[in-house]
Amino acid sequence: MHEAPPTPSPTSPAAPAEPLSHGLKQRHLTMLGLGGVIGAGLFVGSGAGIAVAGPAIVVSYLIAGALAMLVMRMLGEMSAAMPASGSFSVHAERALGRWAGFSVGWLYWFLLVVVLAVEATAAAQIAHGWVPGVEPWAWVLLFMVVFTVANLTAVKNFGEFEFWFASLKVGAIVVFLVLGGLAVFGLLPDTDPVGMTNLTGEGGFLPNGWSGVVSGVLTVVFAFGGLEVVTIAAAETDDPARAVGRAVRSAVVRILFFYVGSMLVIVTVLPWTAQQAGLSPYVKVLDAIGVPSAGQIMNIVVFVALLSALNANLYGSSRMIFSLAERGEAPRGLLKVSGGGAEKGGSAQEGAGGVPRRAVLASVAFGFVSVVLNLLWPDTVFLYMLNSVGAVLLFVWALIAASQLRLRARLEQEAPDALALRMWWFPYLTWVTLAGLLGVLLLMLTDDAARPQVLWSAGATALVLLVAVGREWRERRARRGPSALTDR
């Protein structure tokens, strides 16, 4: 695109020690990896995928999950070798130049704070159903205040919140898989073995053909977003390289098991035609096998999943903007941390220190703006904002893959021992991943419902890229000095 300024070598300490706390434990990171991606998109949104793909939604999840797993393996490789609170934003800067780190960092921050509004509003609607006397806006305010306070205190509080939230979600899926498996084999009271009837009936395994599988991929691929926060959080553990490697290894396989296993149970227990977009297929299955109050049970699980995602997004956005500030890509006032940490000073201990409170407040402030827009103009202003981040995740994943292509070659030459976690079949699977992401974007352009998301997201990305290129052009011009104008 243009000449990149010099970037730190992967073998050298690219930046001084970060003044963040090291209060996260391995169990926090592992459960964040497992639970961070298990949200409302799985518990509710999967119904839309089943409606378009039928039983072949299992294949759609395998394809989307494989893409996510490959991206996470690449991200895990870079994060284990070069852990940083900015994660893939730092990697993009080192691999491709400041324009890339600036662009992917700000795009991801914007994505998180906009999605945060969706999660807060959805959780408020569920709570309003339980307590109609409290208006949804009051619930939103309560959630935002609670999680802001949690993120302003010691990072271990965030870790504990996410550990127990994730434990509940993972436990709910394990129970569902056990009950569903027993129902398939007729081992529950008043049930008969299901066999393959629902997988082959009602139009067969591919009732809408392979086009249905493709449509299913477009519907479910974004449900895997959120795994990236693991590599951001790894920088706040005692041993980032080891922690992120273990978390990535355990997360990707188990998440595929949870997602694909759940879908297989759902389309085996019930005909795919029994599912409806917008309604939880988990509730349908639990009702069918006689679990009392299945709807309310799943409401609780979805409620917890939304709050968990809200908490994780607030954490991830604050650390991303802190990292941008640390590299001079955001206001330096955001570098102030609790516990007396100075800008880029020594690392804080596990206590209440080392929390980037200004970065948290900046993120939650924009989150509040997004919530207000969602409450006042959900079908106009906020819809445009939501569309503008609709495909950003795919752009972020593509930059992760491009960064890994560059950094892997440099690491193998300069610091091969740093490659504790390696991408499989490099560079072939990295190129396959890039091709897959491009394919998803092109398919979204052919889909009437998804096309606005691609176009608006492309516009937002182009705007950020223009700002990034303009900043570098001004800095180069300033470095040349006033004589540059008279040399022509």
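Higher on the page you've got the structure.
Residues numbered from 1 in each chain as written. Predicted model: local features only at pLDDT ≥ 70, side-chain atom pairs only at ≥ 80, totals over all residues. Heavy atoms only, no water.

Colleague: What should I look at first to understand the environment of Ser403 in this one?
Modeller: The residue Ser403 is located in helix H17 (residues 392-414) in this model. Here Ser403 falls in the buried class, since its relative accessible area comes to 1%. Separated by 315 residues in the primary sequence, Ser403 and Phe88 have C-alpha atoms spaced 8.2 Å apart. Discounting chain neighbours no more than four positions away, the residues touching Ser403 are Met78, His91, Ala92, Ala95 and Leu96. (Helix = DSSP H or I, 4+ residues; strand = E, 2+ residues; numbered from the N terminus. Buried < 20%, exposed > 50% of the residue type's maximum accessible area, 1.4 Å probe, protein only. Contact = heavy atoms within 4.5 Å.)

Colleague: For this particular structure, what's the right way to read a nonpolar patch on the surface?
Modeller: Where nonpolar side chains cluster on the molecular surface, the patch consists of Trp137, Leu141, Val145, Val149, Val372, Leu375, Leu376, Trp377 and Val381 and spans about 820 Å² of accessible area. Contributions of two or more residues to the nonpolar patch are made by helix H7 (136-152) and helix H15 (357-376). Residue contributions to the nonpolar patch peak at 4 residues, all from H7. Taking the relative accessible area as the measure of exposure, Leu376 reaches 52% and is therefore exposed. (Patch = residues over 30% accessible without salt bridge, like charges linked within 9 Å, V, L, I, M, F, W, Y side chains within 5 Å. Areas by Shrake-Rupley, 256 points an atom, 1.4 Å probe, with all protein chains shown as cover. Salt bridge = Lys/Arg side-chain N within 4 Å of Asp/Glu carboxyl O.)

Colleague: Just to check I follow, could you spell out the environment of Ser293 for this structure?
Modeller: Mapped onto the fold, Ser293 is located in the loop between helix H13 (281-288) and helix H14 (294-326). Take Ser293: its relative accessible area is 53%, and that puts it in the exposed class. For the pair formed by Ser293 and Ile266, sequence separation is 27 residues and the distance between their alpha carbons is 18 Å.

Colleague: Just to check I follow, could you spell out the packing of aromatic side chains for this structure?
Modeller: How two aromatic rings sit relative to each other is set out by the distance from centre to centre and by the angle between their planes. For the coordinates displayed, the defined rule picks out 19 aromatic pairs. Summarising the aromatic geometry, the rings of Phe102 and Trp106 are spaced 6.4 Å apart at their centres and angled 55° between planes, so their arrangement reads as tilted. Of this pair, Phe102 and Trp106 both sit in helix H6 (residues 98-130), 4 residues apart, which is roughly one turn of that helix. Here the aromatic rings of Phe176 and Tyr282 are separated by 4.5 Å at their centres, their planes lie at 50°, and the arrangement is tilted. Taken together, the positions of Phe176 in helix H8 (residues 155-184) and Tyr282 in helix H13 put the pair 106 residues apart, joining distant regions of the chain. Here Phe176 matches Tyr282 in class, with each residue buried. (Phe/Tyr/Trp six-rings, centres within 6.5 Å; stacked < 30°, edge-to-face > 60°.)

Colleague: Hey, could you run me through helix H4 (residues 57-81) in this one?
Modeller: The terminal C-alpha atoms of H4, which comprises 25 residues, lie 36 Å apart, in line with the 36 Å expected from a rise of 1.5 Å per residue. Counting buried positions along H4 gives 22 out of 25 residues, so the element sits mostly inside the fold. (Expected span 1.5 Å × (residues − 1).)

Colleague: What exactly am I supposed to notice about the pattern of salt bridges here?
Modeller: Enumeration according to the criterion identifies 9 salt bridges in this entry. In this structure, Glu160 and Arg27 form a salt bridge, with 2.3 Å as the shortest nitrogen-oxygen distance. Of this pair, Glu160 sits in helix H8 while Arg27 sits in helix H1 (residues 26-35), and the two are 133 residues apart along the sequence. Overall, Arg27 belongs to the partly exposed group, its relative accessible area being 38%. Ionic pairing is found between Glu329 and Arg471, a salt bridge with its closest N-O pair at 2.6 Å.

Colleague: In this structure, what is going on with the packing of H7 against H8? I would like to understand it.
Modeller: Packed helices, taken two at a time, are described by their axes: the angle between them and the distance between them. One way to put it is that H7 packs onto H8 with a least axis distance of 7 Å and a crossing angle of 125°. Between H7 and H8, the crossing angle belongs to the class labelled oblique. Along the contact surface, H7 presents Phe147, Ala150 and Asn151, while H8 presents Asn157, Phe158, Phe161 and Phe165. Split by residue class, the contact of H7 with H8 holds 5 nonpolar, 2 polar and no charged. (Axes fitted to C-alpha atoms, helices over the stretch in contact; angles between N-to-C directions. Parallel < 35°, antiparallel > 145°, perpendicular 65-115°, else oblique. Nonpolar A, V, L, I, M, F, W, Y, C, P; charged D, E, K, R; others polar.)

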